[in-house]
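Residue-level listing of the chains:
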Amino acid sequence: MTPPLDLSAFKQAFFSAFDRAPRIFRSPGRINLIGEHTDYNDGYVLPAAIDRHVYVGIAPRQDGRIRIVSVDFKGVHEGLVTDQGKSTLGWPDYALGVLAGFRERGIQLPGFDMLVGSDLPVGAGLSSSAAYSCAVGFALNELFNAGLDRSDMIRIAQLAEHRYAGVMCGIMDPFASMYGRSGQFVRLDCRSMEYHYVPFSAEGYALLLLNTNVKHSLASSAYNRRREECATGLDWVRADFPEVRSLRDVDESMLDRCVAPRDKVIDDRCRYVVQENARLLALCSDLEKGDMAAAGARMLQTHEGLSRMFEVSCPELDYLVKAVRGIDGVLGARMMGGGFGGCTINLLRTDIIDQLVNDLSRAYEADNGLPLTAIPVMTGEGTMAVDG
Ligand code: ADP
Ligand code: MG
């Protein structure tokens with residue numbers, strides 16, 4: 001696990017690159033407790049910001065130029081604030097996409113020097129990309145008093161990822177990064193964009209991510225196929241229930257009538273989504289009551305649904321969930337994210353973590369030929385200025 005970012009080293013790195021002092025902003029990564037593959041079906045998600053961040057150091061320029069450097073990636077991006085193209089380096093594109101979002105809103109910037117740094121693992125499903133885009137948007141807005149609010153910056157971050165990185169991500173990641181709060185999950189309604197904070201103050205309990213360190217190549221094609229399967233099931237329901245707009249409005253009796261008789265696979269996909277929305281709402285009331293055992297049990301049900309009905313798990317994810325379930329002190333575990341790799345999220349008693357990680361790392365490596373990375377996470381605050 002990457003150590004926490006050393007702020008004075010980061011300032012020093014900015015000074016070495018640009019010969020002056022920066023203002024510093026940061027935006028967190030996110031986890032999602034429950035609510036997987038519900039976002040594009042107009043349903044609910046339950047993310048939280050975590051205590052790991054992407055940092056942006058920035059200082060203004062007046063000559064219309066930009067320079068972007070990263071502590072973690074090679075190369076220097078140099079250009080003009082008015083340039084529309086992408087960078088040959090790849091990683092600056094998120095920042096360039098955010099800059100384009102400012103331009104499209106008619107905001108002219110005079111130029112800047114920027115350094116990006118992070119203590120979030122990249123590509124582990126903690127959404128370092130959204131954290132990065134949100135940190136850049138927030139930094140530009142603050143530095144130049146551009147007058148945008150957090151909702152504008154979320155939208156800009158999402159579009160930056162769509163257009164500049166080619167990833168058709170939902171709104172959840174930048175939303176959680178911007179609006180996260182310590183000790184809370186955010187229940188976000190992906191249809192209305194309404195959100196509520198749900199308390200997570202589990203004395204003695206913790207959240208632990210276990211990274212499989214695999215990303216199967218199936219991930220993006222299967223993602224698209226699942227979206228189509230959900231759309232097909234929805235069409236069949238709508239033939240009988242025209243008032244239905246998305247799987248969000250569907251219940252299991254509608255599936256019994258319109259989908260199950262036609263195709264078992266499509267029925268499984270849709271039924272998982274319908275059940276997952278209901279499960280998420282039930283888990284929110286578990287948390288409100290402080291019933292961690294019930295919340296954990298629902299996480300395990302979600303994993304079953306994702307693995308058997310939605311079929312987006314993989315052997316490594318199933319291995320990790322199976323290995324921890326039943327261990328005294330483990331309340332819940334499930335795969336997190338789109339599937340076919342990445343992390344599991346585990347709800348467990350704090351005092352068993354060291355032993356569990358120790359035992360499981362050895363077994364996982366022996367059985368799968370891959371290292372296991374344990375990432376303990378705490379909920380944390382959304383995007384903010386760090387300094388100055
Ligand atoms: P994740 O699950 O972490 O969001 P992505 O593949 O969506 O994985 O995004 C990771 C990409 O975001 C990196 O390949 C890089 O282009 C960009 N990125 C993340 N962190 C940094 C950083 N500290 N500096 C520069 N670019 C970064
Ligand atoms: Mg990402």
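Note: the structure precedes this text.
Residues numbered from 1 in each chain as written. Chains lettered and ligands numbered in written order. Predicted model: local features only at pLDDT ≥ 70, side-chain atom pairs only at ≥ 80, totals over all residues. Heavy atoms only, no water.

### Observations regarding the packing of aromatic side chains
Thought 1: Considering all chains together, one arrives at 13 aromatic pairs under this definition.
Thought 2: Judged by centre distance (5.1 Å) and plane angle (75 degrees), the ring pair of Phe 175 and Tyr 195 falls under edge-to-face. One end of the pair, Phe 175, is in helix α5 (residues 172-179); the other, Tyr 195, is in strand β8 (residues 195-199), and 20 residues separate them in sequence.
Thought 3: Taking relative accessible area as the criterion, Phe 175 reaches 5% and is therefore assigned buried.
Thought 4: With a relative accessible area of 31%, Tyr 195 lands in the partly exposed category.
Thought 5: Relative to Phe 200, the ring of Phe 185 lies with its centre 5.2 Å away and its plane at 90 degrees, an arrangement referred to as edge-to-face. One end of the pair, Phe 185, is in strand β7 (residues 184-189); the other, Phe 200, is in the loop between β8 and β9 (205-215), and 15 residues separate them in sequence. Of the two residues, Phe 185 and Phe 200, both sit in the buried class.
Thought 6: Within the aromatic cluster, the residues linked to one another by ring pairs are Phe 175, Tyr 179, Tyr 195 and Tyr 197. (Phe/Tyr/Trp six-rings, centres within 6.5 Å; stacked < 30°, edge-to-face > 60°. Helix = DSSP H or I, 4+ residues; strand = E, 2+ residues; numbered from the N terminus. Buried < 20%, exposed > 50% of the residue type's maximum accessible area, 1.4 Å probe, protein only.)

### Points about the pairing of strand β1 (residues 23-32)
Thought 1: Counted residue by residue, β1 has 9 buried out of 10 residues, so it is predominantly covered.
Thought 2: Relative to strand β3 (residues 47-60), β1 is paired through 9 bridges, and the arrangement is antiparallel. Residue pairing in the sheet places Phe 25 in a bridge with Val 56 of β3.
Thought 3: Pairing analysis gives 3 bridges linking β1 to strand β13 (residues 384-387), with the strands arranged antiparallel. (Pairing = 2+ DSSP bridges.)

### Brief notes about the sheet that holds β9
Thought 1: The antiparallel open sheet is built from 4 strands, whose spatial order is β10-β11-β9-β12. Single-partner strands in this sheet number two, and they are β10 (330-335) and β12 (373-377). The mean inter-strand angle of the sheet, taken between neighbouring strand axes irrespective of direction, is 20 degrees.
Thought 2: In this sheet, β12 lies alongside β9 in antiparallel orientation, the contact comprising 5 bridges. (Axes fitted to C-alpha atoms, helices over the stretch in contact; angles between N-to-C directions.)

### Quick notes on the packing of helix α3 (residues 128-143) against α5
Thought 1: The interhelical angle for the contact between α3 and α5, taken along N-to-C directions, is 55 degrees, at an axis separation of 9 Å. Between α3 and α5, the angle is such that the two are oblique. Where α3 crosses over α5, the two elements pack in a sense that is right-handed. Here Ala 130, Ala 131, Cys 134 and Phe 138 of α3 lie close against α5, whose contacting residues are Asp 173, Pro 174, Ser 177 and Met 178.
Thought 2: Partitioned by chemical class, the residues of the contact of α3 with α5 number 6 nonpolar, 1 polar and 1 charged. (Parallel < 35°, antiparallel > 145°, perpendicular 65-115°, else oblique. Left-handed = near helix turned anticlockwise from the far one by under 90°. Contact = heavy atoms within 4.5 Å. Nonpolar A, V, L, I, M, F, W, Y, C, P; charged D, E, K, R; others polar.)

### Section: helix α2 (residues 93-104)
Thought 1: Over its 12 residues, α2 runs 16 Å from end to end, which matches the ideal 16 Å to within 8%, given 1.5 Å per residue.
Thought 2: The buried fraction of α2 is high, at 10 of 12 residues.
Thought 3: Residues of α2 that are buried include every one of Asp 93, Tyr 94, Ala 95, Leu 96, Gly 97, Val 98, Leu 99, Ala 100, Gly 101 and Phe 102, and no others.
Thought 4: For α2, the elements touching its buried residues are β4 (65-70), β5 (76-80), β6 (112-118), α3 and α4 (150-164).
Thought 5: Positive backbone phi, at 80 degrees, marks Gly 106, one or two positions downstream of α2. (Expected span 1.5 Å × (residues − 1).)

Limitation: the analysis is restricted to geometry and does not speak to function.
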